[in-house]
Amino acid sequence: MKVSPSFFPLTGLATRFVDQLVQCRRLQLKVLEGSEHHVLIELPYSTELIGYPDTGVIHGGVITTLMDTASGSAVVCSIFDKFNSLELSPTLDLRVDYMKPAQPHKSVFGFAECYKLSSSIAFTRAIAYQDSIDDPIAHAVGSFMRISPDMVGDEFRRALMGDEYE
């Protein structure tokens, strides 16, 4: 898969956000793209993630984590782009519809967008896929609580902003 992180200005922010989450580091999630409209994350295949030893299929909970993380990252990027600030945005609700199992020995990609920001809720949609986004493994819709930028601690803000933090 060919991607262009330099074309997507919020890739660094999304990467730093994902890298703050222990379960994401354990799953080796890698942000490929981040913009004000979307985030694309890769979940590399690992035998440690197998949910069905007879088939080698990745556990569905791992796919859910990928979609939740991609959606949450899209919220962070969307809020930062629109308001030039960081907010805590925990998941309120995430509905995942599985369509088929992921093929063994192949990465899974999570594409998510934050399509609506209200004053207190962010709304997302996401797709998990392997070879083509037009042949999804699962779809998800989610809602995320928006918590005041004042609640973001300096350590978290520094971690997300990197060299841009004052």
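Scroll up to find the structure this text is about.
What counts, and where the lines are drawn
- Residue indices follow the written sequence of each chain, beginning from 1 at its first position.
- Where local features are concerned, this predicted model is filtered to residues with pLDDT of at least 70; where side-chain atom pairs are given and counted, the filter is 80 or more; whole-chain, interface and lining totals use all residues.
- Excluded from the side-chain calculation are hydrogens and water; included are all heavy atoms of the structure.
- Numbered from the N terminus, helices here are DSSP runs of H or I no shorter than four residues, and strands are runs of E no shorter than two.
- Throughout, the radius of gyration refers to the C-alpha atoms, and the reference size of a globule is 2.2 Å times the residue count to the power 0.38.
- Relative accessibility under 20% of the residue-type maximum defines a buried residue, over 50% an exposed one, and the middle range a partly exposed one, all with a 1.4 Å probe and only protein chains included.
- The contact criterion used throughout is that any non-hydrogen atoms of two residues lie within 4.5 Å.
- Surface accessibility in these figures is a Shrake-Rupley result with a 1.4 Å probe; residues are shielded only by whichever protein chains are displayed.
- In this tally, Asp and Glu contribute negative charge and Lys and Arg positive charge; neither His nor the terminal groups of the chain are included.
- Where a charge lies is defined by one atom per residue type: Lys uses NZ, Arg uses CZ, Asp uses CG and Glu uses CD.
- The reported arc concerns the directions from the helix axis to the C-beta atoms and nothing else.
- The pairing criterion is simple: DSSP has to find at least two bridges between the two strands.
- To get an axis, fit a line to the C-alpha atoms, keeping to the stretch in contact for a helix; angles then go from 0 to 180 degrees between the N-to-C directions.
- The definition of a polar contact used here is a pair of N or O atoms within 3.5 Å, where within protein one atom must be able to donate a hydrogen and the other to accept one, and adjacent residues in sequence count solely through side-chain atom pairs.
- These descriptions rest on fixed angle ranges, namely under 35 degrees for roughly parallel, over 145 for roughly antiparallel, 65 to 115 for roughly perpendicular, and the rest for oblique.
- The disulfide criterion is simple: two cysteine sulfur atoms within 2.5 Å.
- Crossing handedness follows the turn of the near helix against the far one: under a right angle anticlockwise gives a left-handed crossing, and clockwise gives a right-handed one.
- Under the convention adopted here, Pro, Cys and the residues Ala, Val, Leu, Ile, Met, Phe, Trp and Tyr are nonpolar, Asp, Glu, Lys and Arg are charged, and Gly plus all remaining residues are polar.

## Topic: the overall build of the chain
Consideration 1: On a plain count of helices and strands, the chain comes out with four helices and eight strands.
Consideration 2: Going residue by residue from the N terminus, the α and β elements of the chain occur as α-α-β-β-β-β-α-β-β-β-β-α.
Consideration 3: At 15 Å, the chain has a C-alpha radius of gyration in line with the 15 Å of a compact globule built from 166 residues.
Consideration 4: When its C-alpha atoms are laid out on the principal axes, the chain stretches across 50 × 30 × 25 Å.
Consideration 5: Here the chain holds 166 residues, and the buried ones make up 43% of them.
Consideration 6: The contacts of the chain with a sequence gap of at least 6 include a subset with a gap of at least 24, amounting to 64%.
Consideration 7: With an accessible surface of roughly 8800 Å², the chain has 52% of that area assigned to carbon and sulfur atoms.
Consideration 8: In the chain, the 14 positive side-chain charges and the 21 negative ones have mean positions that sit 1 Å from each other.

## Thoughts on helix H1 (residues 11-19)
Consideration 1: Looking only at H1, the buried set comprises Thr11, Leu13, Ala14, Phe17 and Val18. For H1, the angular spread of buried residues about the axis comes to 165 degrees, placing them on one side.
Consideration 2: Looking at the buried side of H1, the elements it contacts are helix H2 (22-27), strand S1 (30-34), strand S2 (39-43), helix H3 (60-83) and helix H4 (154-161).

## Notes on the sheet that holds strand S7 (residues 121-129)
Consideration 1: Taken in spatial order, the six strands line up as S1-S2-S6-S7-S8-S5 in an open sheet, and their pairing is antiparallel. Edge positions in the sheet fall to S1 and strand S5 (91-98), since each of these pairs with one other strand and no more. Across the sheet, the axes of successive neighbouring strands diverge by a mean angle of 20 degrees, strand direction being ignored.
Consideration 2: When S5 meets strand S8 (residues 138-145), the two strands line up antiparallel, connected through seven bridges. Residue pairing for S8: Thr91 is matched across the bridge by Phe144.

## Structural notes on the side chain of Gln130
Consideration 1: Locating Gln130 in the fold gives a position in the loop between S7 and S8.
Consideration 2: A distance of 2.7 Å separates the side chain of Gln130 from the backbone nitrogen of Gln103, its partner in a polar contact.
Consideration 3: Of note is the side chain of Gln130, whose polar atom sits 3.3 Å from the backbone oxygen of Lys106.
Consideration 4: Dropping the residues within four chain positions of it, Gln130 is found in contact with Ala102, Gln103, Lys106, Ser107, Val108, Phe109 and Ile137.

## Focus: the packing of H1 against H4
Consideration 1: Running from N to C, H1 and H4 point in directions that differ by 135 degrees, and their axes come no closer than 7 Å. In terms of axis orientation, H1 runs oblique to H4. Contact residues: H1 offers Leu13, Arg16 and Phe17, while H4 offers Phe156, Ala159, Leu160 and Met161.

## Topic: unusual backbone geometry
Consideration 1: Here the phi dihedral of Asn84 falls at roughly 50 degrees; this positive angle occurs in a residue that is not glycine.
Consideration 2: Overall, the relative accessible area of 61% leaves Asn84 in the exposed class.
Consideration 3: Look at His105: it is not a glycine, yet its phi comes out positive at around 70 degrees.
Consideration 4: Secondary-structure assignment places His105 in the loop between S5 and strand S6 (108-117).

## Focus: the state of the cysteines
Consideration 1: If you walk through the whole model with that rule in mind, you get zero disulfides.
Consideration 2: The cysteine Cys114 is free of any disulfide, with Cys77 supplying the nearest cysteine sulfur at 9.8 Å.

## A few points about the packing of H1 against H3
Consideration 1: Remark: H1 packs on H3, axes separated minimally by 10 Å, with the N-to-C direction vectors making an angle of 135 degrees. Judged on the interaxial angle alone, H3 and H1 are oblique. For the pair H1 and H3, the sense of crossing is right-handed. Packed against H1, whose contacting residues are Leu13, Ala14, Phe17 and Val18, the element H3 presents Thr69, Gly72, Ser73, Val76, Cys77 and Phe80 at the interface.
Consideration 2: Of the residues contributing to the contact of H1 with H3, the split by class is seven nonpolar, three polar and no charged.

Purely geometric stuff here, so don't read any function into it on its own.
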